[in-house]
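Report on the structure
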2 protein chains.
Amino acid sequence: MAEFDEPIERLIEYFRQLPSVGKKTAQRYAFYIIENSKEKADNFAKAIMEVKEKVKLCSVCGNYSTSEVCPICQKRNRQIVCVVQEPKDIIAMEKVKTFEGVYHVLFGTISPLENRGPNDIKIKELLARISKDGVKEVIMATNPDVEGDATAMYISKLLKPLGVKVTRLAQGISMGSDIEFADEVTLEKALEQRQEI
Amino acid sequence: MAEFDEPIERLIEYFRQLPSVGKKTAQRYAFYIIENSKEKADNFAKAIMEVKEKVKLCSVCGNYSTSEVCPICQKRNRQIVCVVQEPKDIIAMEKVKTFEGVYHVLFGTISPLENRGPNDIKIKELLARISKDGVKEVIMATNPDVEGDATAMYISKLLKPLGVKVTRLAQGISMGSDIEFADEVTLEKALEQRQEI
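Because the structure is a prediction, the values reported are computed rather than measured. (Residues numbered from 1 in each chain as written. Chains lettered and ligands numbered in written order. Predicted model: local features only at pLDDT ≥ 70, side-chain atom pairs only at ≥ 80, totals over all residues. Heavy atoms only, no water.)

Looking at chain A, the pLDDT average stands at 91 and 98% of residues meet or exceed 70. The ipTM assigned to the predicted complex is 0.74, against a pTM of 0.75. (pLDDT = per-residue confidence, 0-100.)

This is the structure:
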């Protein structure tokens, strides 16, 4: 026997599919919907459908966008391209207000273990932009892990012969963190990439 | 400038209204919707709307129900009524598989501080059920705090003259908890309500 009536169970099930939402949390979300006005629920539902209707991928960089070309690609310097794994990484990078270039989303990394090769991510599209936009610098902002590093290296080797400067985000200790608690890999990177002051 | 395009911002805003959801979590939920299929999003939206259309309050006890009278009220012994503050408390109580009675939802407590008197919660409706269903016992399962206790006492005083047995859930140390960490009020209650073994 289901614990709740069918429509409630179904809503709980959908909430459970959201990232890191367990049964209890999903129940609380469902009850929030039940306890609030029909108008609010209808607007919530509409917002979910609308996002799927209106939000597409920018045809240049792959960022989420409601227009064919996203506002970043429309306005900023296309000769500097920051390469990220996922659209949400752009949001993180955009907190750095000083970056004036544009982005390129790979939609993943090269990963031999998971059978993803160079053709499974948007590397061809990146190469096409190099000549088309006269790209001068590509900043690799893939994650600082084995796959992110390998992908950055692979792309770097492709681009250097084309005369493009390829850089990688510095790896080191986080601002505000504590050296005492830093892991050894991070400390090693921080030492390797030490800066003269 | 909004950080995201309008439809994304709106969806994040709706997710933020869910209980204990902050900006970061709401963003992750919104991205989940964006990254998954349109079909899934549409079904999610439909589930939200459907719950508001189909789920009403049981006309007898106030529990959430898709029928005029909820399955519990339809099938179980109406002479034993467990009184709770909110419909979600019924879910918690229903984990106790041995309870064979029915429920009554007060939709709140008496709270002089928040200007809620006896007429602001479903006490009249409870009284009506006493004679109608020939209720023999009322189990007060309001929360073990000042307002829950006061509400239980108030209802108990109303019902006793009618010859109804009124009981209250026992208060004491939780199963599996540690006496070392129990607070003094809980320990005092546990001592007061100690049972011969």
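Below, the discussion takes up the relation of the copies chain A and chain B. In screw terms, the move from chain A to chain B is a rotation of 180° and a rise of 0.0 Å along the axis, fitting with an RMSD of 0.0 Å. The symmetry that links the two subunits is that of a two-fold axis. The rotation axis passes nearest to the C-alpha of Ala45 of chain A in chain A, at a distance of 2.1 Å. A high fraction, 100%, of the interface residues of chain A reappear at the interface in chain B, so the copies pair face to face through one surface. (Least-squares fit on C-alpha atoms with pLDDT ≥ 70 in both. Contact = heavy atoms within 4.5 Å.)

On to the interface of chain A and chain B. With 47 residues of chain A at the interface, the matching set in chain B holds 48 residues. Between chain A and chain B, the buried area comes to about 4800 Å², and carbon and sulfur atoms account for 67% of it. At the boundary of chain A and chain B, one finds 4 salt bridges. Here chain A and chain B share 19 residue pairs in polar contact (both at pLDDT 80 or more) between them. (Buried area = accessible area lost by both parts, 1.4 Å probe. Salt bridge = Lys/Arg side-chain N within 4 Å of Asp/Glu carboxyl O. Polar contact = N/O pair within 3.5 Å; in protein donor to acceptor, adjacent residues only side chain to side chain.)

Under the criterion given, the structure shown has 18 salt bridges over all chains. The partner of Glu6 of chain A in a salt bridge is Arg10 of chain A, with the nearest N and O atoms 3.0 Å apart. With Glu6 of chain A and Arg10 of chain A both in helix 1 (residues 6-16) and 4 residues apart, this pair spans about one turn of that helix. Given a relative accessible area of 51%, Glu6 of chain A falls into the exposed group. Judged by relative accessible area, which is 30%, Arg10 of chain A ranks as partly exposed. For Glu50 of chain B, the salt bridge goes to Arg10 of chain A, with nearest N and O atoms at 2.2 Å. Taken as a pair, Glu50 of chain B in helix 3 (residues 38-54) and Arg10 of chain A in helix 1 lie in two separate chains rather than in one. One network of salt bridges, in which partners are shared, links Glu6 and Arg10 of chain A together with Glu50 and Lys54 of chain B. (Helix = DSSP H or I, 4+ residues; strand = E, 2+ residues; numbered from the N terminus. Buried < 20%, exposed > 50% of the residue type's maximum accessible area, 1.4 Å probe, protein only.)

Here we take up the domain arrangement of chain A. You can read the domains of chain A as domain 1 (6-54) and domain 2 (74-196). Relative to domain 2 of chain A, the C-alpha centre of domain 1 of chain A lies at a distance of 36 Å. (Domains from an automatic or database assignment.)

A few words on the layout of surface pockets. Residue and element names in this part refer to chain B. The calculated volume of the largest pocket comes to roughly 700 Å³. Lining of the largest pocket is provided by 28 residues; of these, Pro144, Leu169, Ala170, Gln171 and Gly172 occupy positions nearest its centre. Within the residue set of the lining of the largest pocket, elements represented by two or more residues are helix 5 (87-93) and helix 8 (184-192). With 6 residues, helix 8 is the single largest residue contributor to the lining of the largest pocket. (1 Å grid on protein atoms, 1.4 Å probe; cavity = no way out; pocket = protein on both sides within 12 Å on 5 of 7 lines; lining within 4 Å. Points joined across faces, edges and corners; volume = space filled by probe spheres on them.)

With that settled, the discussion passes to the sheet that holds strand 3 (residues 77-84) of chain B. The strands that make up a sheet are held in pairs by hydrogen bonds between backbone atoms, and each pair lies either parallel or antiparallel. All names here are of chain B. Read across the sheet, 4 strands follow the order 4-3-5-6 without closing on themselves; strand pairing throughout is parallel. Whereas interior strands pair on both sides, the edge strands pair on one side only; in this sheet they are strand 4 (101-105) and strand 6 (165-168). Across the sheet, the mean angle from the axis of one strand to that of its neighbour is 25°, orientation sign disregarded. Pairing of strand 5 (residues 137-140) with strand 6 involves 4 bridges; the strand directions are parallel. Directly across from Val138, in strand 6, lies its bridge partner Val166. Each of strand 5 and strand 6 is contacted by helix 7 (residues 146-159), which is oriented at about 170° to strand 6, the strand it contacts most. (Pairing = 2+ DSSP bridges. Axes fitted to C-alpha atoms, helices over the stretch in contact; angles between N-to-C directions.)

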